[in-house]
Amino acid sequence: METIRERLEEDLRSAVGRLRQMGGAVAVEEVPGAIGANSPFADEVDEIQANERREIGFATRELLVGRVNRLSAALDRLNDGEYGTCVECEEPISPARLQALPEVQTCVRCQDRIERLGRQSDQDEDEAETVSDDD
Ligand SMILES: [Zn+2]
């Protein structure tokens, strides 16, 4: 049976591999470690696959970079003994959720809230990258 660490490492390798295939070498060390509190990531894999079928574009790349970010952050958290704790509310994340999405950093409740915020800013749908940092 695979450990969480193995899964994270494997996912990280495959995400980095995909980025490389896109022609942009990405050093994991260069990816900013901070993860925006408002980045929705549910169903991300489905999104990546759907985008790939259409075209490999900037948005896909951004998604992958985000994934690499989260996976490497999750490994860091594993090393620090903080893995499995919600970064928002510090409650434990349910094991089933971690099984399904090993890189998650938030519990279901916080994820829900974050997604709702994310959906709101997604409403002008042309420019996914136009997200203002400040309120
Ligand atoms: Zn939480």
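Residues numbered from 1 in each chain as written. Predicted model: local features only at pLDDT ≥ 70, side-chain atom pairs only at ≥ 80, totals over all residues.

S.K.: What am I meant to see in the overall build of the protein chain here?
M.R.: When helices and strands are tallied, the protein chain shows five helices and zero strands. When the helices and strands of the protein chain are placed in sequence order, the string is α-α-α-α-α. Relative to its full complement of 135 residues, the protein chain shows a buried share of 21%. In the protein chain, once contacts between residues fewer than 6 apart in sequence are set aside, the share between residues at least 24 apart is 65%. (Helix = DSSP H or I, 4+ residues; strand = E, 2+ residues; numbered from the N terminus. Buried ≥ 20, exposed ≤ 12 C-beta atoms within 10 Å, placed from the backbone. Contact = placed C-beta atoms within 7 Å.)

S.K.: Help me understand the environment of aspartate 11 in this model?
M.R.: In this structure, aspartate 11 sits in helix H1 (residues 4–21). Residues aspartate 11 and proline 102, spaced 91 residues apart in sequence, show a C-alpha to C-alpha distance of 9.2 Å.

S.K.: Sorry, what's going on with the packing of H1 against helix H3 (residues 58–79) here?
M.R.: Two quantities define a packed helix pair, namely the angle between the helix axes and the distance between the axes. Between H1 and H3, whose axes approach to 9 Å, the crossing angle comes to 155 degrees. It follows from the interaxial angle that H1 and H3 lie roughly antiparallel. In terms of crossing hand, the pair formed by H1 and H3 is left-handed. On the side of H1, the interface is formed by Ile4, Arg5, Leu8, Glu9, Asp11, Leu12, Ala15, Val16, Arg18 and Leu19, while H3 contributes Arg61, Leu64, Val65, Arg67, Val68, Leu71, Ser72, Ala74, Leu75 and Leu78. Among the residues forming the contact of H1 with H3, the class breakdown is 13 nonpolar, one polar and six charged. (Axes fitted to C-alpha atoms, helices over the stretch in contact; angles between N-to-C directions. Parallel < 35°, antiparallel > 145°, perpendicular 65-115°, else oblique. Left-handed = near helix turned anticlockwise from the far one by under 90°. Nonpolar A, V, L, I, M, F, W, Y, C, P; charged D, E, K, R; others polar.)

S.K.: Just to check I follow, could you spell out unusual backbone geometry for this structure?
M.R.: Comment: phi is negative for the bulk of residues other than glycine, and the bulk of peptide bonds are trans. With a phi close to 65 degrees, glutamate 90 is a non-glycine residue in the positive phi region. Within the secondary structure, glutamate 90 is located in the loop between H3 and helix H4 (95–100).

S.K.: What exactly am I supposed to notice about the nonpolar core here?
M.R.: Within soluble globular proteins, side chains that are nonpolar tend to cluster in buried spots. Grouped together as the largest cluster of nonpolar side chains are twelve residues: Leu8, Leu12, Ala15, Val16, Leu19, Leu63, Leu64, Val68, Leu71, Ala74, Leu75 and Tyr83. Broken down by element, the residue count for this core peaks at six residues, all from H3. Those residues within four positions of leucine 8 in sequence are excluded, and the remaining contacts are Leu71, Ala74, Leu75, Leu78, Pro102 and Glu103. (Core = buried A, V, L, I, M, F, W, Y, C linked by C-beta atoms within 7 Å.)

S.K.: Would you mind showing me how to read the environment of glutamate 6 here?
M.R.: Mapped onto the secondary structure, glutamate 6 falls in helix H1. Considered as a pair, glutamate 6 and leucine 75 are 69 residues apart in the sequence and their alpha carbons are 9.7 Å apart.

S.K.: Is there a simple way to explain H1 in this structure?
M.R.: Since the α-helix packs 3.6 residues into each turn, any two residues three or four apart lie on the same face. Over its 18 residues, H1 runs 26 Å from end to end, which matches the ideal 26 Å to within 8%, given 1.5 Å per residue. By the burial criterion, the buried members of H1 are Leu8, Asp11, Leu12, Ala15, Val16 and Leu19. End-on view of H1: buried residues confined to an arc of 130 degrees, all on one side of the axis. Exposed residues on H1 whose side chains face more than 90 degrees from its buried face are Glu6, Arg13, Gly17, Arg20 and Gln21. Against the buried residues of H1 lie H3. (Expected span 1.5 Å × (residues − 1). Arc of directions from axis to C-beta.)

S.K.: Can you walk me through the environment of arginine 77 in this structure?
M.R.: With respect to the helices and strands, the residue arginine 77 is situated in helix H3. Apart from the residues within four sequence positions on either side, arginine 77 is in contact with Glu82 and Tyr83.

S.K.: Help me understand the confidence of the model for the protein chain, please; the structure alone is not making it clear to me.
M.R.: Predicted confidence across the protein chain gives a mean pLDDT of 76, with 62% of residues reaching 70 or more. Within the protein chain, no element has a lower average pLDDT than helix H2 (residues 44–54), which sits at 56, and none a higher one than H1, at 92. Note on residues 24–40: pLDDT is under 50 here. Beyond four places in sequence and across chains, it has 29 contacts. Contacts for the low-pLDDT stretch residues 125–130, under 50 throughout, to residues beyond four places or in other chains number two contacts. (pLDDT = per-residue confidence, 0-100.)

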